[in-house]
Amino acid sequence: MTCRRRPSSEEAARVLAEEEEEEDVSAPWEPERSGKGSPGSGPEADGSPEQGAQESVSSRAHGEQQEEEEEEEEEEGSCYSEEGEDGSDVYFYYTIGERWIDYLQRTEEGGLLRHVRPKMKRKSENGLDGRALSPGKKLCKGSEYSRTLGACMPSPTTTFGDLRNAKPGQARRRRIPSVAPPPELQDWLRTFQRWSGPEKLLALDELIDRCEPSQIKYMMQVIEPQFQRDFISLLPKELALYVLSFLEPRDLLRAAQTCRYWRVLAEDNLLWREKCREEGIEEPLNLRKRRLLSPGFMYSPWKFAFMRQHKIDMNWRSGELKAPKVLKGHDDHVITCLQFCGNRIVSGSDDNTLKVWSAVTGECVQTLVGHTGGVWSSQMRDSIVISGSTDRTLKVWNADTGECVHTLYGHTSTVRCMHLHGNRVVSGSRDATLRLWDIETGQCLHVLMGHVAAVRCVQYDGHKVVSGAYDYTVKVWDPESESCTHTLQGHTNRVYSLQFDGTHIVSGSLDTSIRVWDVESGNCLHTLMGHQSLTSGMELRDNILVSGNADSTVKIWDIKTGQCLQTLQGPSKHQSAVTCLQFSSKFVVTSSDDGTVKLWDLKTGEFVRNLVALESGGSGGVVWRIRASNTKLVCAVGSRNGTEETKLLVLDFDVDLK
């Protein structure tokens, strides 16, 4: 059941008078005229008015009782309003399948149409039923579009001109001023009006076939504007937002410029929350005082977070490189390990110390002194720092106070690697063993023995321990039972790097290959070939692996298929061994012995720009380690020949929130 707007009674009287003067026979939905019978259906109904009235009364008598019952049912659930006779806010319905007689009337202003329910005969009355429609039933009120070409289908006698004129502010169709109407035009149009719907369609089809392209173009210019609809404004808000959710953020911002309503939709907070989640942004940016875009419009926290991240990405890609903060403190020693979390930086050196720095001020907050040998491995979580040294111990530090909380004894050689998970840390040593420690108590919980050479790399996910060693093997351990569940054999040289995501193990070796293993079965799924030397560093996230090699190249792999997606090389590639790397959803950052830090596009593999280029690069200047957050990059640089001073460089890519 659908709704239609009702015009005024004066307009109804005028249109009825015009219809009485016409002698044409209308279509099957022709309106009943006062005091006359209804004409017969179809184009052949050319009988007298009296004959038509008799046929109408006869047909009505057979269904009289049924129609009276239907009338009473319709009184219960009809959709109309009787608020005035001036044509404003007055709506009627028609029901498909019911034999209502429609009086089609046109308003003086623009020809808006209404359907008036006819007065029904009753058994007890000889005349027409004068009962008025029940007032106060105002169930639906469509837009101007829905009252014309929307959900309410027009009556068969509604013409395209009626629909065009029903739109407020609609310009009338262009006339051809230089051509006088042919004298036969009105007769031709009357003949067309007498035909049935299918006959009219057939005539139009034949007419189109006989038109020239310029004439078809003219028809399109007249017709097409009537079917242009702002469908977004016509939809319920929930559906409109669902449609807009398929737009890219750039297109969504453009859509916001269409009109006021589109801008309201485009500022929807939940809409931008989904865009943020697609980009890996997990928290909205809540300002103390939310900014007004203009009267009535306000930034959503999620949109502001998205826009901020976009600006940060552009700063990484093409923003001005401001002078970095320079953090000096390890003299001319090598920085062997680097950690960066929040605004805290921790650097470990072969000078036997670790230093805690503020990434904001660049000041050295604490110097962690206690090891009697060089520091070669470290991990950090919040204010807890764990370090491993050539003095064969691990130490647990409080970064806020500089206090050594625990010294962990047990290894008989250099602690070369470690991995922290929760309150437990697994350490690997040149003594060929691994140890699992509780950093809260300082207790050694388990010792894992099985390798026959130095353990070079380790990963721990809280359940399984994975280790790579100089004995060419990778081992999977159950730390609780201290048993080796798998020994992964296949490499033909030392294993230097590992990644483990809970399902896949990725190992890099001096034999130039990278192998992907299934942790449950121990099977080798893929052997990734392409590098020419030692794979010194890797990072794995969401089945995407980025590997850096001593051959100066960086490769991006899909570990599910074993395919190499990109090789980061070309004229701007590194000129020496890749020392460290890190990647995000958009960028790859790499460092090298050539003294540069380079930024690459993850998806295309294209070189973006140099973030750091030491003047001593190529003559001894080296970038040993890098660590990056969303807005900052920390680089540990120096040299082994004295050409570059040992220091940390902190680059900031954040944006101003004002």
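Residues numbered from 1 in each chain as written. Predicted model: local features only at pLDDT ≥ 70, side-chain atom pairs only at ≥ 80, totals over all residues. Heavy atoms only, no water.

Draft legend 1. Local environment of the overall build of the chain. Counting its secondary structure elements, the chain contains 13 helices and 36 strands. Looking at the chain residue by residue over its 658 residues, the buried ones come to 45%. Across the chain, the fraction of contacts at a sequence separation of at least 24, relative to all contacts at a separation of at least 6, is 48%. In the form shown here, the chain has an accessible surface area of approximately 34,200 Å², with 49% of it arising from carbon and sulfur atoms. (Helix = DSSP H or I, 4+ residues; strand = E, 2+ residues; numbered from the N terminus. Buried < 20%, exposed > 50% of the residue type's maximum accessible area, 1.4 Å probe, protein only. Contact = heavy atoms within 4.5 Å. Areas by Shrake-Rupley, 256 points an atom, 1.4 Å probe, with all protein chains shown as cover.)

Draft legend 2. Inspection of the UniProt feature "repeat: WD" (unreviewed entry) in the chain at higher detail. When the UniProt feature table is mapped onto this chain, "repeat: WD" (unreviewed entry) is found at residues 342-367, 368-407, 408-447, 448-487, 488-527, 528-567 and 571-610. In this annotation, residues 342-367 is assigned 0% helix and 58% strand; the end-to-end C-alpha distance for the span is 18 Å. The span residues 571-610 is 0% helix and 55% strand, and its two end C-alpha atoms sit 13 Å from each other. (UniProt positions renumbered as here; feature names shortened; annotations may be inferred.)

Draft legend 3. Focus on the environment of Ser300. Mapped onto the elements of the fold, Ser300 is located in the loop between strand E4 (297-298) and helix H13 (301-318). Each C-alpha atom, one on Ser300 and one on Leu285, is 8.8 Å from the other, the two residues being 15 residues apart in sequence. Polar contacts involving the side chain of Ser300 include one to the main-chain amide nitrogen of Lys303, which spans 2.9 Å. (Polar contact = N/O pair within 3.5 Å; in protein donor to acceptor, adjacent residues only side chain to side chain.)

Draft legend 4. A nonpolar patch on the surface, seen in detail. Together, Trp188, Leu189, Leu201, Leu204 and Leu207 make up an exposed nonpolar region whose accessible area comes to about 480 Å². At the level of elements, helix H5 (185-194) and helix H6 (197-209) are the ones that each hand at least two residues to the nonpolar patch. By residue number, the principal contributor to the nonpolar patch is H6, which donates 3 residues. Checked against the element boundaries, Trp188 lands in helix H5. When its relative accessible area of 47% is taken as the criterion, Trp188 is described as partly exposed. (Patch = residues over 30% accessible without salt bridge, like charges linked within 9 Å, V, L, I, M, F, W, Y side chains within 5 Å. Salt bridge = Lys/Arg side-chain N within 4 Å of Asp/Glu carboxyl O.)

Draft legend 5. Highlighting the pairing of strand E34 (residues 621-628). Inspection of the sheet shows E34 paired to strand E35 (residues 632-639) by 7 bridges, in the antiparallel sense. Paired with Val623 across the strands is Val637, a residue of E35. (Pairing = 2+ DSSP bridges.)

Draft legend 6. Main features of the nonpolar core. Of all hydrophobic cores here, the largest spans 19 residues; its most connected members are Trp316, Val589, Val597, Leu611, Ile626, Leu633 and Cys635. Ranked by residue count, the leading element in this core is E35, at 3 residues. Residues within four places of Leu611 in sequence aside, it is in contact with Trp316, Leu321, Val589, Val597, Leu599, Leu633, Leu651 and Phe653. Membership of the second largest hydrophobic core comes to 16 residues, among which are Leu244, Ala255, Leu271 and Met307. (Core = buried A, V, L, I, M, F, W, Y, C linked by side-chain atoms within 4.5 Å.)

Draft legend 7. Inspection of the packing of aromatic side chains at higher detail. Tallied over the full model, the rule gives 6 aromatic pairs. Aromatic pair Trp272 and Phe306: ring centres 5.3 Å apart, planes at 55 degrees, arrangement tilted. Separated by 34 residues along the polypeptide, Trp272 in helix H12 (residues 269-278) and Phe306 in helix H13 bring together distant segments of the chain. Phe306 matches Trp272 in its accessibility class, with the two residues each being buried. Their ring planes at 45 degrees and their centres at 5.4 Å tell us that Tyr470 and Tyr496 sit as a pair that is tilted. With Tyr470 in the loop between strand E19 (465-469) and strand E20 (474-478) and Tyr496 in strand E22 (residues 495-500), this pair connects stretches of sequence that are 26 residues apart. Seen from the ring of Tyr470, Arg494 lies directly overhead, with NZ or CZ sitting 4.2 Å from the centre. The ring centre of Phe583 lies 4.6 Å from the NZ or CZ of Arg541, which sits over that ring. (Phe/Tyr/Trp six-rings, centres within 6.5 Å; stacked < 30°, edge-to-face > 60°. Lys NZ or Arg CZ within 6 Å of the ring centre and 35° of its normal.)

Draft legend 8. Seen up close, unusual backbone geometry. At Arg392, a residue that is not glycine, the phi angle is positive and equals roughly 75 degrees. Locating Arg392 in the fold gives a position in the loop between strand E11 (384-389) and strand E12 (394-398). A positive phi is found at Ala432, a non-glycine position, where the angle reads about 75 degrees. Its place among the elements puts Ala432 in the loop between strand E15 (424-429) and strand E16 (433-438).

Draft legend 9. The sheet that holds E12, seen in detail. Pairing is antiparallel in the open sheet, where 4 strands are placed in the order E10-E11-E12-E13. The open sheet has two edge strands, strand E10 (375-381) and strand E13 (404-408), and neither has a second partner. Neighbour to neighbour, the strand axes of the sheet diverge by 15 degrees on average, direction disregarded. Across 6 bridges, the pairing between E10 and E11 is antiparallel. (Axes fitted to C-alpha atoms, helices over the stretch in contact; angles between N-to-C directions.)

Draft legend 10. H13, seen in detail. The terminal C-alpha atoms of H13 lie 25 Å apart, and with 18 residues this matches the ideal 26 Å at 1.5 Å per residue to within 8%. Within the span of H13, buried status applies to Pro301, Trp302, Lys303, Phe304, Ala305, Phe306, Met307, Arg308, Gln309, Ile312, Asp313 and Trp316. (Expected span 1.5 Å × (residues − 1).)

Draft legend 11. Main features of the sheet that holds strand E9 (residues 364-368). One open sheet holds the 4 strands; their spatial order is E6-E7-E8-E9, and the pairing between them is antiparallel. Edge strands, defined here as strands with exactly one partner in the open sheet, are strand E6 (335-341) and E9. In this sheet, adjacent strand axes meet at a mean angle of 15 degrees when their direction is disregarded. Examined bridge by bridge, E6 and strand E7 (residues 344-349) share 6 bridges and lie antiparallel to one another. By the bridge assignment, Cys341 is partnered in E7 with Arg344.

Draft legend 12. Molecular detail of the side chain of Lys598. Within the element layout of this structure, Lys598 appears in strand E32 (residues 596-601). No salt bridge is formed by the buried Lys598, whose closest oppositely charged neighbour, Asp594, lies at an N-O distance of 5.4 Å. Of note is the side chain of Lys598, whose polar atom sits 2.8 Å from the side chain of Asn610. Those residues in contact with Lys598 that sit more than four places away from it in its chain are Ser572, Lys573, His574, Val588, Val589, Thr590, Phe607, Arg609 and Asn610. (Lys, Arg positive; Asp, Glu negative; His and termini not counted.)

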